[in-house]
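Chain residues, written in single-letter form:
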Amino acid sequence: MNAFDAVVVGTGPNGYAAAITLQQQGVSVLMLEASKTVGGGARSAPLTLPGFVHDVGSAIHPLGVSSPFFRKLPLDQFGLEWIYPPEALAHPLDHGETILLKRSVEETALQLGQDASAYVGLMKHAVDHWDKIAPDFLGPLTWPRHPLPMLRFGLKAIQSAEGLSRRFFQAEPAKALWAGLAAHSMLPLHKMVSSGVAMVLGALGHVVGWPFPKGGAQSITQALDQYFKSLGGVVETGKKVTSTKDIPDCKVVLFDLTPAQLLAIEGLSFNVWYRKQLQHFQYGQGIFKIDWALSDPIPFRNPACLRAATIHIGGTMEEIARSEKMIWQHQHPEKPFVLLVHQTPFDPSRAPAGKHTAWAYCHVPRYSQQDMTKAIEQQVERFAPGFGDTILARHTMNTQQVEAFNANYIGGDINGGAQTITQLFTRPTWRLRPYRTSLKQVYICSSSTPPGGGVHGMCGYHAARLALQDHFHKTN
Ligand SMILES: Cc1cc2nc3c(=O)[nH]c(=O)nc-3n(C[C@H](O)[C@H](O)[C@H](O)COP(=O)(O)OP(=O)(O)OC[C@H]3O[C@@H](n4cnc5c(N)ncnc54)[C@H](O)[C@@H]3O)c2cc1C
């Protein structure tokens, strides 16, 4: 008799999604986590001064709030509360203008002058048909259930951000907005599918906004953990799996790990062909991350920036494209594109009374050890003069420290692999169901599977559904 039917290795959002999907169907699950704390990329900690809570990993969750899987869970009953800033995103430009990604497509377009109707033409259809597009996009390659909306979406998403922007836009505000959204792909903006991430994140800004959890990303993990345990699931922390001997006997094992880690686990006798494919898996760029404890809100030149929790700091499309291209070429830009998040104006629970936090990262070459503190802070200062004077303390992580925080972030890659056209739907291997491995009992359920990086749990959900079908004759 096995004590557990299934074991899930790793407690990231995808690990929990897999474990919950199985446990909901009466399959008993044990989760094994290397770290002392659960949550993988969705964790918060007092990184700077007492009383300040920082998101060590993920901060903004349009993918989480809209995830078809998370939406089915009663996470609000386990303490998860989403906070919606009035605008999804602010993108300041040098001469003082700030573009806001608003809930309304038309109101967003109104800020874009001569590009207003092009923006509506680009986004409106995807936004209006999001409920038809999202389920197909957020999974493995499959024949779309709604081919026409998916085709219209796909023909834009497949383009490079620079190419699409040239075709649709004339002026800087729209181009810069698009470049900032596309830079989340961590691809250079001349690469195909860099518009895909811009389409998804832009559409979600209109459909659901860009919210974040009250109290920190840890609240997402806590809610998943408590719900999982309420179903009878068991979690053990401080249990790094290095060999199959570390895993108790069970019918199936799902790994919330990336290919390099899977290959390093002793006793997993994958066939040669599968092993080769995992060895060829391509990891993406790394990040350099800063968390600040601040005396005051960030003193943006344009106060409209304080209407959103996410601020894209990078100026024009040309500058952002140059910065992302340099990183791809293993160089460090002097003026990096910075993803800045400032939740405390909307969530005072994260800092002592009257004080604030901010979170930022820029992309860097994988395994880079360069300290980007000065470059990031100069970029923030450019749009918020006096920012430096508000800093009470800072905590930084280079790519090595990012990987030490979570072994899945190989060389600082936070997406579990490059999100290139060949790795978008067929990661980590070219299979229709890439969650299966060459071993019948073993599945991979991390962000190295479709639909890739982000806190949404869809990789874990799809992997667990296959395991349910294959081993427990259940469909859900
Ligand atoms: C700085 C940063 C910012 C981010 N920003 C956002 C954001 O704003 N929004 C968003 O949606 N996403 C964001 N992400 C990405 C997001 O966090 C990840 O895509 C997501 O966490 C992936 O989930 P996962 O379950 O696949 O893996 P992970 O969350 O990486 O979890 C993997 C787990 O496996 C454990 N593990 C590893 N090796 C072993 C082993 N041998 N044995 C046992 N356990 C092991 C790890 O400790 C970890 O807990 C960010 C990530 C980082 C680091």
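Residues numbered from 1 in each chain as written. Predicted model: local features only at pLDDT ≥ 70, side-chain atom pairs only at ≥ 80, totals over all residues. Heavy atoms only, no water.

## Notes on the environment of Ile83
- One can find Ile83 in strand S5 (residues 82-83).
- Relative accessible area serves as the criterion here: at 13%, Ile83 is assigned to the buried category.
- Apart from residues lying up to four places away in sequence, Ile83 is in contact with Pro211, Phe212, Lys214, Phe346 and Asp347. (Helix = DSSP H or I, 4+ residues; strand = E, 2+ residues; numbered from the N terminus. Buried < 20%, exposed > 50% of the residue type's maximum accessible area, 1.4 Å probe, protein only. Contact = heavy atoms within 4.5 Å.)

## Side note on the pattern of salt bridges
- Applying the stated criterion across every chain, the model contains 15 salt bridges.
- Across the pair Glu87 and Lys102 runs a salt bridge, and its minimum N-O distance is 3.2 Å. Of this pair, Glu87 sits in strand S6 (residues 87-92) while Lys102 sits in the loop between strand S7 (98-101) and helix H3 (105-110), and the two are 15 residues apart along the sequence.
- Of the residues examined, Lys102 reaches a relative accessible area of 18% and is grouped as buried.
- The structure contains a network of salt bridges with shared partners spanning Asp55, Asp347 and Arg350. (Salt bridge = Lys/Arg side-chain N within 4 Å of Asp/Glu carboxyl O.)

## Let's talk about the site of the ligand
- Within the structure, the ligand sits among 36 residues, and Glu33, Gly41, Ile60, Asn406 and Gly454 are positioned closest to it.
- Asn406 places a side-chain nitrogen or oxygen 2.8 Å from an oxygen atom of the ligand.
- Within the complex, the protein chains bury 95% of what would otherwise be the 1,000 Å² of accessible surface of the ligand.
- Where the shell around the ligand is concerned, the elements lending two or more residues are helix H1 (13-24), strand S11 (286-294) and strand S14 (356-364).
- Here the residues of the shell around the ligand are counted per class, giving 15 nonpolar, 16 polar and five charged.
- Inspection of the shell around the ligand shows a minimum of three residues originating in each of domain 1 (6-36 + 237-282 + 416-472) and domain 2 (83-212 + 284-405). (Near = heavy atom within 4 Å. Polar contact = N/O pair within 3.5 Å; in protein donor to acceptor, adjacent residues only side chain to side chain. Areas by Shrake-Rupley, 256 points an atom, 1.4 Å probe, with all protein chains shown as cover. Nonpolar A, V, L, I, M, F, W, Y, C, P; charged D, E, K, R; others polar. Domains from an automatic or database assignment.)

## Notes on the domain arrangement of the protein
- Split into domains, the protein comes out as domain 1 (6-36 + 237-282 + 416-472) and domain 2 (83-212 + 284-405).
- Placing a centre on the C-alpha atoms of domain 1 and another on those of domain 2 gives a separation of 29 Å.
- With both sides pooled, the region where domain 1 packs onto domain 2 buries about 1,300 Å², and carbon together with sulfur makes up 72% of that total.
- Of all residues in domain 1, the largest losses of buried area upon contact with domain 2 belong to Gln419, Ile421 and Phe425, amounting jointly to 41% of the total for that side.
- Where domain 1 meets domain 2, there are zero salt bridges.
- Inspection of the region where domain 1 meets domain 2 yields one residue pair in polar contact (both at pLDDT 80 or more).
- Looking at the side of domain 1 that touches domain 2 residue by residue, the class counts come to 10 nonpolar, six polar and one charged. (Buried area = accessible area lost by both parts, 1.4 Å probe.)

## Considering the environment of Gly388
- With respect to the helices, strands and loops of the structure, Gly388 is situated in the loop between helix H14 (373-383) and strand S15 (391-397).
- Separated by 90 residues in the primary sequence, Gly388 and Ile298 have C-alpha atoms spaced 9.4 Å apart.

## Thoughts on the nonpolar core
- Leu22, Tyr119, Met123, Phe153, Trp178 and Leu254 are the most contacted members of the largest nonpolar core, which totals 102 residues.
- Considering every element that reaches this core, the biggest residue donor is helix H16 (residues 458-472), with eight residues.
- Counting residues domain by domain, this core receives three or more from each of domain 1 (6-36 + 237-282 + 416-472) and domain 2 (83-212 + 284-405).
- Non-local contacts of Trp178, meaning those with residues more than four positions away in its chain, are made with Leu122, Met123, Ala161, Leu164, Ser165, Phe169, Ser195, Ala198 and Met199.
- Judged by nonpolar contacts, the second largest core, of 27 residues, contains Ile290, Val364, Val380 and Ile391. (Core = buried A, V, L, I, M, F, W, Y, C linked by side-chain atoms within 4.5 Å.)

## Details of the sheet that holds strand S16 (residues 442-444)
- If you trace the five strands from one edge of the open sheet to the other, you get S9-S2-S1-S10-S16, paired in parallel fashion. The open sheet terminates on both sides in strands that have one partner only, identified here as strand S9 (234-236) and S16. Averaged over all neighbouring strand pairs, the angle between strand axes comes to 20°, with direction disregarded.
- Pairing between strand S1 (residues 6-9) and strand S2 (residues 29-32): four bridges, direction parallel. (Pairing = 2+ DSSP bridges. Axes fitted to C-alpha atoms, helices over the stretch in contact; angles between N-to-C directions.)

## Describing helix H8 (residues 172-182)
- Counting buried residues in H8 gives nine out of 11 residues, a clear majority hidden from the surface.
- Every buried residue of H8 is accounted for by Pro173, Ala174, Ala176, Leu177, Trp178, Ala179, Gly180, Leu181 and Ala182.

## Thoughts on the packing of aromatic side chains
- The final tally for this structure, using the stated rule, is 12 aromatic pairs.
- A centroid spacing of 5.1 Å and a plane angle of 55° characterise the contact between Phe270 and Tyr274, whose relative ring orientation is tilted.
- With relative accessibility at 7%, the residue Phe270 sits in the buried group.
- An angle of 90° between the planes, with centres 5.3 Å apart, marks the rings of Phe281 and Tyr283 as edge-to-face. Side by side, Phe281 and Tyr283 carry an identical accessibility label, which is buried. (Phe/Tyr/Trp six-rings, centres within 6.5 Å; stacked < 30°, edge-to-face > 60°.)

## A word on helix H9 (residues 194-207)
- Here H9 spans 20 Å end to end across 14 residues, near enough to the 20 Å set by a 1.5 Å rise per residue.
- H9 sits mainly inside the fold: 13 of its 14 residues count as buried.
- Phi for Gly209, located one or two positions after H9, is positive at around 85°. (Expected span 1.5 Å × (residues − 1).)

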